[in-house]
Amino acid sequence: MEIFTLLETLEEALEKSRTIPFSDKCIVDKEEFFEIIKEIRIKLPDELKQAKWVKEERSRIIVEAKKEADDIVKEAENRIISMIDEHEITRKAYEQKAQIIETANEMSREISKGTKDYADNLLEKIEAVLGDALKTVQNNRKELK
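## Quick word on the overall build of the protein
Scanning the protein for helices and strands turns up 3 helices and 2 strands. When the helices and strands of the protein are read in sequence order from the N terminus, they spell out α-β-β-α-α. Relative to the globule expectation of 15 Å for 145 residues, the C-alpha radius of gyration of the protein, 28 Å, shows a markedly less compact shape. Taken along its principal axes, the extent of the C-alpha atoms in the protein is 95 × 20 × 20 Å. Looking at the protein as a whole, 19% of its 145 residues qualify as buried. Taking as baseline every contact in the protein between residues at least 6 positions apart, the subset at least 24 positions apart corresponds to 65%. Counting every atom, the protein has about 11,400 Å² of accessible surface; 55% of that belongs to carbon and sulfur. Put simply, the protein has 27 plus and 34 minus side-chain charges, and the middle of one group is 5 Å from the middle of the other.

Conventions adopted
Residues numbered from 1 in each chain as written. Predicted model: local features only at pLDDT ≥ 70, side-chain atom pairs only at ≥ 80, totals over all residues. Heavy atoms only, no water. Helix = DSSP H or I, 4+ residues; strand = E, 2+ residues; numbered from the N terminus. Rg over C-alpha atoms; globule rule 2.2 N^0.38 Å. Buried < 20%, exposed > 50% of the residue type's maximum accessible area, 1.4 Å probe, protein only. Contact = heavy atoms within 4.5 Å. Areas by Shrake-Rupley, 256 points an atom, 1.4 Å probe, with all protein chains shown as cover. Lys, Arg positive; Asp, Glu negative; His and termini not counted. Charge placed at Lys NZ, Arg CZ, Asp CG, Glu CD.

Written out as structure tokens, the structure reads:
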């Protein structure tokens, strides 16, 4: 992830910066820091766009699976109506219908869980990075005061 690389660059710049004598304060290149922060802002939306795409893709797949299940159910119902007198075929059609619906529902649950896990993992990483950045900024503000 490029965001982590940019944050490491910020840390390295802080570590390499000159310190003010008799204090823990340091002198940093303001423009360099602003440029790196600008890059982080540019990269961050890409991560969020990717999470949004995953969510939309999950929704699309669920809709497709439901539509396919509905189509299969309708097809099964039409076959049942045309063969109503044949008890065995009717019974098998109902079993197949239930199995298809269960399979579609299971696929939907798995996709939903995978999407949520991915988004949660991505947000957890972003939260950690932003937390570290916030701590660094807070420490720097304390040092400035």
